[in-house]
Amino acid sequence: MPAANDTRRSLGKPLERFLLSLLLCLPIAAAAEAVPQWTANDEQLVLSGVPDIPHELVSRLNRYQNVRSATFLEWAEDGEGLFIRTRFDEVSQLFRVREPGGYREQLTWFPEPVGQVERKGDTRLLSITMDEGGGEQDQIFLFDPKNGETRRLSDGVSRNRMARWSRDGRKMAFQSTRRNGRNNDLWWMEPGRPGSEELLLEAPDGTWFGPADFSHDGRWLLVQQFVSVDDSRIYLLDLEERALYLGAGGDEQTSANKAIGFDRRDRGFYFITNQRGRSAELAYRPLDGEKETVFITRDNRWDVTDFVLSADGRRGAFVTNEEGISRLHLLNTVNRTHRRVDRIPVGLIRSLDFHPDNRRLAFTLSTASTPSDVYVLKLGRRADSVRSLERWTYSEVGGLDTSSFVEPRLVRYPTFDMVGEEERRTVPAFVYEPPGEGPHPVIIHVHGGPESQYRPAFSKKTQLWLAELGAAVIAPNIRGSTGYDSNYLSLDNGLLREDAIRDIGALLDWIATEPQLDENRVAIYGSSYGGYVVLASAVHFSDRLKAGVDLVGISNFVTFLENTEDYRRDFRRLEYGDERDPEMRAFLESISPLNNVDRIDIPLLVVQGRNDPRVPAAQSERIVQALRQRGRPVWYIEALNEGHGYDRKENRDIYEQATILFLRRYLLD
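Here the residue index of a chain counts from 1 through its sequence in written order. Restriction of local features to residues with pLDDT of at least 70 applies here, the model being predicted, together with a cutoff of 80 or more for giving and counting side-chain atom pairs; totals for whole chains, interfaces and linings are based on all residues. Side-chain metrics rest on all non-hydrogen atoms present in the structure, leaving aside hydrogens and water.

### A word on the overall build of the protein chain
Turning to step 1, where the next piece is worked out: Each helix and strand in the protein chain was counted, giving 11 helices and 38 strands.
Turning to step 2, where the next piece is worked out: Each radius of gyration is computed over the set of C-alpha atoms, and the globule rule expresses the reference value as 2.2 Å times the number of residues to the power 0.38. Against the globule reference of 26 Å for 669 residues, the protein chain gives a C-alpha radius of gyration of 25 Å, in line with a compact fold.
Turning to step 3, where the next piece is worked out: Oriented by its inertia axes, the alpha-carbon framework of the protein chain measures out at about 75 × 60 × 55 Å.
Turning to step 4, where the next piece is worked out: A simple rule labels every residue: compare its accessible area, found with a 1.4 Å probe on the protein chains alone, to the largest value its type can have, and call it buried under 20%, exposed over 50%, or partly exposed in between. In the protein chain, buried positions account for 60% of the 669 residues.
Turning to step 5, where the next piece is worked out: Whether two residues touch is decided by their heavy atoms; if any such pair falls within 4.5 Å, the residues are in contact. When contacts within the protein chain are restricted to residue pairs at least 6 apart in sequence, those whose partners lie at least 24 apart make up 53%.
Turning to step 6, where the next piece is worked out: To measure how exposed things are, a 1.4 Å probe is used in the Shrake-Rupley method; for residues, cover is taken only from the protein chains shown. Counting only carbon and sulfur atoms, one obtains 45% of the accessible surface of the protein chain, whose full area is about 27000 Å².
Turning to step 7, where the next piece is worked out: Counting rule applied: Lys, Arg positive; Asp, Glu negative; His and chain ends not counted. In this description, the location of a charge corresponds to atom NZ of lysine, CZ of arginine, CG of aspartate or CD of glutamate. Distance between charge centres in the protein chain, computed from 87 positive and 102 negative side chains, equals 4 Å. Secondary structure elements follow DSSP: runs of H or I of four or more residues count as helices, runs of E of two or more count as strands, with numbering from the N terminus.

Here it is as structure tokens:
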């Protein structure tokens, strides 16, 4: 590893590198020394203000940084084995596993991580999405797992996602920005016929269309339209007559509706909806307009997050989110009864899919003490009966003793406002406490989104902080988080933005009441919107925080909205406010951390990807520049081959090592 004062070398982009060096090496005071800067990973990672990372630390973290995980993707075409995504080198690739605990056979060797994977009808061929350098301009490729042959199906220029195949494998519907580079329209093609690409639906500005499912006879396409997090609609597109019919949502009372798929006989479709003003329910809508929607989980008070139907249509499986924990349920589609499967370990479940024989259900499971791995539930003859649970992958944990990993407890702390006239609002948070006597230093971990939710899946980062720093970790789901109700989701919108920051202040108050936690040693960490929360908390609570780590965070809402990619801008305006409105623009400027940088008085570690299409790199560069001009200590890391977060292990390793070094220095000292 180069020393901090090594001469910088060219990165292959001389002008960009020169300008970046000028920015990052600004003196932090008239008489200050130059900010140390060095590069790593074939000069694709620029570290400014970051001291040389000791070999002792690199060695200590090695076991944590070699933890792997596996994600279920598809059953193999012959019904024997399945496809997974995992990593054995720098980025995640496609593998095949033929039996429980079997050898993971690597099938792809691309320089970029593999994204969405979907089988082409009943054939062995797979569609795969990949971007370049984290820029999210996804392309769709056709891949043959037998011989490794790969052919690009999309245009190579626009953003292409959400590939869905007709059941005979002849047609592929997909989402693309190829019409104007901005709108996420609905297209389809016949991959075997060059030049067959056809625009099906133009997405109005500020919305997107995406395919959900082809009917069995190929006549209908179930279409998802997204307007906002609480307004999404489902359409039925008649592919013969090119007629479009509204299936759910879009009425006077907005609702969120997630399209799932057609039933076996194409008599109706399944979807997830909160249109009754309750939790998200599993529902069935007959295509016969004379019949009413059936709400299948009407007695369940928890959000349904996912649903899948077996090939024979007799079984269904769905997942509920119960205070952040996943629960798996089996559905008898004939009488619409369902029951919970109790033998699944407590954790997060995703990527459900039935085997072609209708008797096995594969899924990905992550628990607090085990990384994501692939499991298969063997089913009995009855639609809701279970025989056994098999674990198909055993991801490496670097020789760590997972029995020592800390599991969180769920708390609710009071915040500043009321629910009704007498009840104080509470904020849910997951608390991880290290062993031993306190008071322990604390790291507040804020999720991104903001329309997201912290859920207690396996996190090597959390376990690393607990073990190496002896710090407690608290992950709050501040207002604006999903997984609760639509009112809680909207409590931070527009002019209410800083109420979410007040929730962090309330958490600091709660920490001060807990004898096991040290209120005088608290740091805050967050990425994307969570990075904004880090910066805003530094503005408001520098007297109560010791340090902050901001990963790809927003520092100025106005310039963020003006420069985020076109296909995202209107969505973000619905959440944050429209910067073109003078009153809203003035408000956004007033709360932006960059315009309040004189109030930030804690050390910061800022991490960014050069190719980030969501939060442009300038958001991080400008806050770093402003802090250094005021003499504030700030470390900065920028990867020239990453986007919105770090996908490459070599980059992620160094950023994680720097984070530990930073927190050792500024949180523990």
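Once you've had a look at it, read on.
### What to know about the packing of aromatic side chains
Turning to step 1, where the next piece is worked out: Between the rings of Phe, Tyr and Trp (Trp by its six-membered ring), a pair exists once the centres lie within 6.5 Å; its type follows the angle of the planes, with under 30 degrees stacked, over 60 edge-to-face, and the other angles tilted. This structure, assessed with the given rule, holds 25 aromatic pairs.
Turning to step 2, where the next piece is worked out: Relative to F95, the ring of F88 lies with its centre 5.5 Å away and its plane at 50°, an arrangement referred to as tilted.
Turning to step 3, where the next piece is worked out: Overall, the relative accessible area of 36% leaves F88 in the partly exposed class.
Turning to step 4, where the next piece is worked out: Pairing Y484 with Y488 gives two aromatic rings, centres 5.4 Å apart and planes at 65°, and the pair type is edge-to-face.
Turning to step 5, where the next piece is worked out: Through successive ring pairs, a cluster of aromatic residues spans Y529, Y532, F557, F560 and Y576.
Turning to step 6, where the next piece is worked out: When the NZ atom of lysine or the CZ atom of arginine is within 6 Å of a ring's centre and also within 35 degrees of its normal, the charge is said to sit over that ring. Here the basic side chain of R276 rests over the ring of F295, its NZ or CZ set 4.5 Å away from the ring centre.

### Details of the pattern of salt bridges
Turning to step 1, where the next piece is worked out: For salt bridges, the criterion is a side-chain nitrogen of Lys or Arg within 4 Å of an Asp or Glu carboxyl oxygen. As enumerated under the stated definition, the model contains 53 salt bridges in all.
Turning to step 2, where the next piece is worked out: Notably, a salt bridge pairs E240 with R219, separated by 3.8 Å at the nearest N-O pair. Placement of E240 in the loop between β17 (231–238) and β18 (243–248) and of R219 in the loop between β15 (208–214) and β16 (220–228) is noted, with a sequence separation of 21 residues between them.
Turning to step 3, where the next piece is worked out: Under the relative-accessibility criterion, E240 is labelled exposed at 59%.
Turning to step 4, where the next piece is worked out: Owing to a relative accessible area of 26%, R219 belongs among the partly exposed residues under this scheme.
Turning to step 5, where the next piece is worked out: Between R497 and E575 there is a salt bridge, with its nearest N and O atoms 2.8 Å apart. On the criterion of sequence distance, the pair formed by R497 in helix α5 (residues 497–513) and E575 in helix α8 (residues 566–576) is long-range, its members being 78 residues apart.
Turning to step 6, where the next piece is worked out: The class of E575 is buried, set by a relative accessible area of 3%.
Turning to step 7, where the next piece is worked out: Bridged by salt links that share partners, the residues D570, R573, D578, E579 and R580 form one connected network.

### Re the sheet that holds strand β22 (residues 294–295)
Turning to step 1, where the next piece is worked out: If DSSP finds at least two bridges between two strands, the strands pair. Spatially, the four strands line up as an open sheet ordered β19-β20-β21-β22, and their pairing is antiparallel. Bordering the open sheet on either side are β19 (257–262) and β22, each of which pairs with just one other strand.
Turning to step 2, where the next piece is worked out: When β19 meets strand β20 (residues 268–273), the two strands line up antiparallel, connected through five bridges. Along β20, the bridge assignment pairs A259 with F271.

### Comments concerning helix α3 (residues 460–469)
Turning to step 1, where the next piece is worked out: Across the 10 residues that make up α3, a large majority, eight, are buried.
Turning to step 2, where the next piece is worked out: Looking at α3, one finds that the buried residues are K460, T462, Q463, L464, W465, L466, E468 and L469.
Turning to step 3, where the next piece is worked out: On the buried face of α3, the contacting elements are α2 (55–65), β32 (423–432), β33 (440–446), β34 (472–476), β35 (517–527) and α11 (649–668).
Turning to step 4, where the next piece is worked out: Count one or two residues on from α3 and you reach G470, which has phi positive near 60°.

### Focus: the nonpolar core
Turning to step 1, where the next piece is worked out: Only buried residues count toward a nonpolar core. Its members are Ala, Val, Leu, Ile, Met, Phe, Trp, Tyr and Cys residues joined through side-chain atoms within 4.5 Å. Residues I444, I474, W510, I511, Y532, V533 and L604 are the most contacted members of the largest nonpolar core, which totals 57 residues.
Turning to step 2, where the next piece is worked out: Here this core takes nine residues from helix α6 (residues 529–541), the largest share from any one element.
Turning to step 3, where the next piece is worked out: The contact partners of Y532, leaving out residues within four places of it in the chain, are R497, E498, I501, G553, I554, F557, I591 and P593.
Turning to step 4, where the next piece is worked out: In terms of nonpolar packing, the next biggest core, distinct from the first, is built from 46 residues, W38, V50, Y454 and W465 among them.

### Digging into helix α10 (residues 618–629)
Along an α-helix, a turn takes 3.6 residues, which lines up residues three or four apart on a common side.
Turning to step 1, where the next piece is worked out: In this analysis, the expected span of each helix is defined as 1.5 Å times one less than the number of residues it contains. Look at α10: 16 Å from first C-alpha to last across 12 residues, which is about the 16 Å you get at 1.5 Å a residue.
Turning to step 2, where the next piece is worked out: Every buried residue belonging to α10 is among Q619, S620, E621, I623, V624, A626, L627 and R628, and all of these are buried.
Turning to step 3, where the next piece is worked out: Just past α10, the residue G631 takes up positive phi, approximately 80°.

### As for the sheet that holds strand β9 (residues 139–143)
Turning to step 1, where the next piece is worked out: As summarised here, the arrangement of the four strands in space is β7-β8-β9-β10, forming an open sheet in which the pairing is antiparallel. The outermost strands of the open sheet, each flanked by one partner alone, are β7 (117–119) and β10 (150–152). The average angle at which neighbouring strand axes cross in this sheet is 25°, direction not considered.
Turning to step 2, where the next piece is worked out: Two strands pair when backbone bridges link them, and β7 and strand β8 (residues 126–130) are joined in this way by three bridges, in the antiparallel orientation. Bridging from a neighbouring strand, V117 pairs with I128 of β8. Throughout, an axis means a line fitted to C-alpha atoms (over the contacting stretch in the case of helices), and angles, computed between N-to-C directions, take values from 0 to 180 degrees.

### Describing unusual backbone geometry
Turning to step 1, where the next piece is worked out: Residue G438 is joined to P439 through a cis peptide bond whose omega torsion reads 5°.
Turning to step 2, where the next piece is worked out: Residues G449 and P450 are joined by a peptide bond in cis, for which omega reads 5°.
Turning to step 3, where the next piece is worked out: As for its position among the elements, P450 is in the loop between β33 and α3.
Turning to step 4, where the next piece is worked out: The phi torsion at E323 lies on the positive side, around 55°, for a residue other than glycine.
Turning to step 5, where the next piece is worked out: You can see E323 is positioned in the loop between β24 (315–322) and β25 (325–332).

### Some words on the pairing of strand β21 (residues 281–286)
Turning to step 1, where the next piece is worked out: Taking burial as the measure, the six residues of β21 include five buried ones, the bulk of the element.
Turning to step 2, where the next piece is worked out: In this sheet, β21 lies alongside β20 in antiparallel orientation, the contact comprising six bridges. By the bridge assignment, F271 is partnered in β21 with A283.
Turning to step 3, where the next piece is worked out: Pairing of β21 with β22 involves two bridges; the strand directions are antiparallel. Paired with Y284 across the two strands is V294, which belongs to β22.

### What about the confidence of the model for the protein chain?
Turning to step 1, where the next piece is worked out: You can read pLDDT as the predictor saying how much it trusts each residue, on a scale of 0 to 100. Across the protein chain, the average pLDDT comes to 90, with 95% of residues at or above 70.
Turning to step 2, where the next piece is worked out: Contacts for the low-pLDDT stretch residues 1–15, under 50 throughout, to residues beyond four places or in other chains number 26 contacts.
Turning to step 3, where the next piece is worked out: Counting contacts from residues 26–33, a segment whose pLDDT is below 50, to residues more than four positions away or on other chains yields 11 contacts.

### A few points about the packing of α3 against α11
Turning to step 1, where the next piece is worked out: Contact pair α3 / α11: the axes reach a minimum separation of 11 Å and the direction vectors enclose 40°. On the basis of the axis angle, α3 is oblique to α11. The element α3 and its partner α11 pack so that their crossing is right-handed. For the pair α3 and α11, contact is made by K460, L464, W465, E468 and L469 and by R652, E656, T659, I660, L663, R664 and L668, respectively.
Turning to step 2, where the next piece is worked out: Residues were grouped as follows: Ala, Val, Leu, Ile, Met, Phe, Trp, Tyr, Cys and Pro as nonpolar; Asp, Glu, Lys and Arg as charged; and all remaining residues, including Gly, as polar. For the contact of α3 with α11, the residue count by class is six nonpolar, one polar and five charged. Oblique is the label for any angle not under 35 degrees, not over 145, and not in the 65 to 115 range, which are roughly parallel, roughly antiparallel and roughly perpendicular in turn. In this scheme the handedness of a crossing depends on how the near helix is turned from the far one: anticlockwise by less than a right angle means left-handed, clockwise means right-handed.

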